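Here is what each chain is made of, one letter per residue.
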Amino acid sequence: MRAVIIYNSLTGTTEKAAHRIASELKALRVEATPVPIAEVDEATVADVDLVIVGTWTDGIVIVGQKPAGKKKLRNLPSLAGKKAVVYCTYAVDPGHTLDKLVAEVAAKGADVIGGFAIARHDLVGDVAEFVDRLTPELAGA
Ligand SMILES: Cc1cc2nc3c(=O)[nH]c(=O)nc-3n(C[C@H](O)[C@H](O)[C@H](O)COP(=O)(O)O)c2cc1C
C-alpha cells in the first residue's frame, strides 16, 4: 500500500509528526512519503491508496481554533476517489480543529475515514496511538 502524508508546519512539530507517522507505517508495510503542502500537485496524489493530511491548530489557545493554512488546504488537488485520514497538532486544546479539517479534506472529494489530534508535548505517544487506531482501517483501504 502507498500513502502520502501532506503536512502544513510552521515551527516543525507537524512535520516531525509526519515523519514519525511515515516510519511507523513503514513497519506496517505501508510506504508513506511525507510532502510539505506547498509542494503538492496532482502527481503527488495520483498513485496513492491513502492520503494523510496534517496541519497545526491556529486559534486563541482555547477559543476559535481552526486548521492552519485554510487557503493551502483549499488549493490541494482533487482527492476524489481517495481514502484520507487527517491529523492536527496542538499545544493546549485543539477545539474543533479536527472536525474542520475533516470538512476541508472531504470538500476536496476524499472519503475521510478518520482523524486524530496530536499533542505536541506527547508527539511520540500520540503518533503511536494514531497509527494503532489506523491499523484496522488500513486493512480495508
Ligand atoms: C499563531 C498560533 C496560534 C496557535 N493557536 C493555538 C490554539 O488556539 N490552541 C492550541 O492548542 N495551540 C495553538 N497553537 C500551537 C500550535 O498549534 C502547536 O504548537 C503546533 O504543534 C505547531 O505546529 P508546527 O510546529 O508544525 O507549526 C498556536 C500556534 C501559533 C503559532
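Here we summarise the structure given alongside this text.

As a further point, take the pattern of salt bridges. Using the criterion set out here, one finds 5 salt bridges in the structure. Linking Asp58 and Lys66 is a salt bridge whose minimum nitrogen-to-oxygen distance equals 3.8 Å. Judged by its relative accessible area of 28%, Asp58 is partly exposed. Using a relative accessible area of 39% as the deciding quantity, one classes Lys66 as partly exposed. Here Glu104 ties to Arg74 by a salt bridge, and the two come within 2.8 Å at their closest N and O atoms. Of this pair, Glu104 sits in helix α4 (residues 97–107) while Arg74 sits in helix α3 (residues 70–74); the two residues are 30 residues apart in sequence, bridging distant segments of the chain.

Below, the discussion takes up the nonpolar core. Of all hydrophobic cores here, the largest spans 22 residues; its most connected members are Ile5, Ile21, Leu25, Ile52, Tyr87, Ile118 and Phe130. The greatest single-element share of this core, amounting to 6 residues, is contributed by helix α5 (residues 123–140). Ignoring sequence-local partners within four residues, the contact set of Ile52 consists of Val4, Ile5, Ile6, Ile21, Leu25, Val85, Tyr87, Phe130 and Leu134. Ranked by size, the runner-up nonpolar core spans 19 residues in total, among them Val4, Val51, Leu73 and Val105.

Going through the model one piece at a time under the given rule, you end up with 2 aromatic pairs. Seen in terms of ring centroids, Tyr87 and Phe130 are 6.0 Å apart; in terms of plane orientation they differ by 50°. Their pairing is tilted. With Tyr87 in strand β5 (residues 83–90) and Phe130 in helix α5, the pair connects residues that are 43 residues apart, well separated along the chain. Taking the relative accessible area as the measure of exposure, Tyr87 reaches 0% and is therefore buried. Three or more aromatic residues joined by ring pairs make a cluster, and in this case those are Tyr87, Phe116 and Phe130.

Moving on: the pairing of strand β2 (residues 31–36). Sheet topology note: the strand β1 (residues 2–7)/β2 ladder contains 6 bridges and is parallel. Pairing of Tyr7 across the sheet is with Pro36, part of β2. In this region the chain leaves β1, passes through helix α1 (residues 13–27) and returns to the parallel neighbour β2; the handedness of that crossover is right-handed.

It is worth spelling out the site of the ligand at this point. Taken together, the neighbourhood of the ligand is formed by 19 residues, with Ser9, Thr11, Thr14, Thr57 and Arg120 sitting nearest. Residue Val61 places a main-chain N or O atom 2.8 Å away from an oxygen atom belonging to the ligand. Here an oxygen atom of the ligand sits 2.7 Å away from a polar atom, N or O, in the main chain of Val92. At the level of elements, α1, β3 (50–60) and β5 are the ones that each hand at least two residues to the shell around the ligand. Among the elements that take part in the shell around the ligand, β3 stands out by supplying 5 residues, more than any other. Classifying every residue of the shell around the ligand gives 7 nonpolar, 9 polar and 3 charged.

Between the first and last C-alpha of α1 there are 22 Å, a value that for 15 residues agrees with the 21 Å anticipated at 1.5 Å per step. Those residues of α1 that sit buried are Thr14, Ala17, Ala18, Ile21, Ala22 and Leu25. Viewed end-on, α1 has its buried residues packed into an arc of 140°, placing them on one side of the element. Exposed side of α1, more than 90 degrees from the buried face: Lys16, Lys26 and Ala27 are the residues found there. A positive backbone phi angle near 65° is found at Arg29, which sits one or two residues after α1.

Analysis parameters
Residues numbered from 1 in each chain as written. Predicted model: local features only at pLDDT ≥ 70, side-chain atom pairs only at ≥ 80, totals over all residues. Heavy atoms only, no water. Salt bridge = Lys/Arg side-chain N within 4 Å of Asp/Glu carboxyl O. Buried < 20%, exposed > 50% of the residue type's maximum accessible area, 1.4 Å probe, protein only. Helix = DSSP H or I, 4+ residues; strand = E, 2+ residues; numbered from the N terminus. Core = buried A, V, L, I, M, F, W, Y, C linked by side-chain atoms within 4.5 Å. Contact = heavy atoms within 4.5 Å. Phe/Tyr/Trp six-rings, centres within 6.5 Å; stacked < 30°, edge-to-face > 60°. Pairing = 2+ DSSP bridges. Right-handed = clockwise from strand over helix to strand, strands pointing away. Near = heavy atom within 4 Å. Polar contact = N/O pair within 3.5 Å; in protein donor to acceptor, adjacent residues only side chain to side chain. Nonpolar A, V, L, I, M, F, W, Y, C, P; charged D, E, K, R; others polar. Expected span 1.5 Å × (residues − 1). Arc of directions from axis to C-beta.

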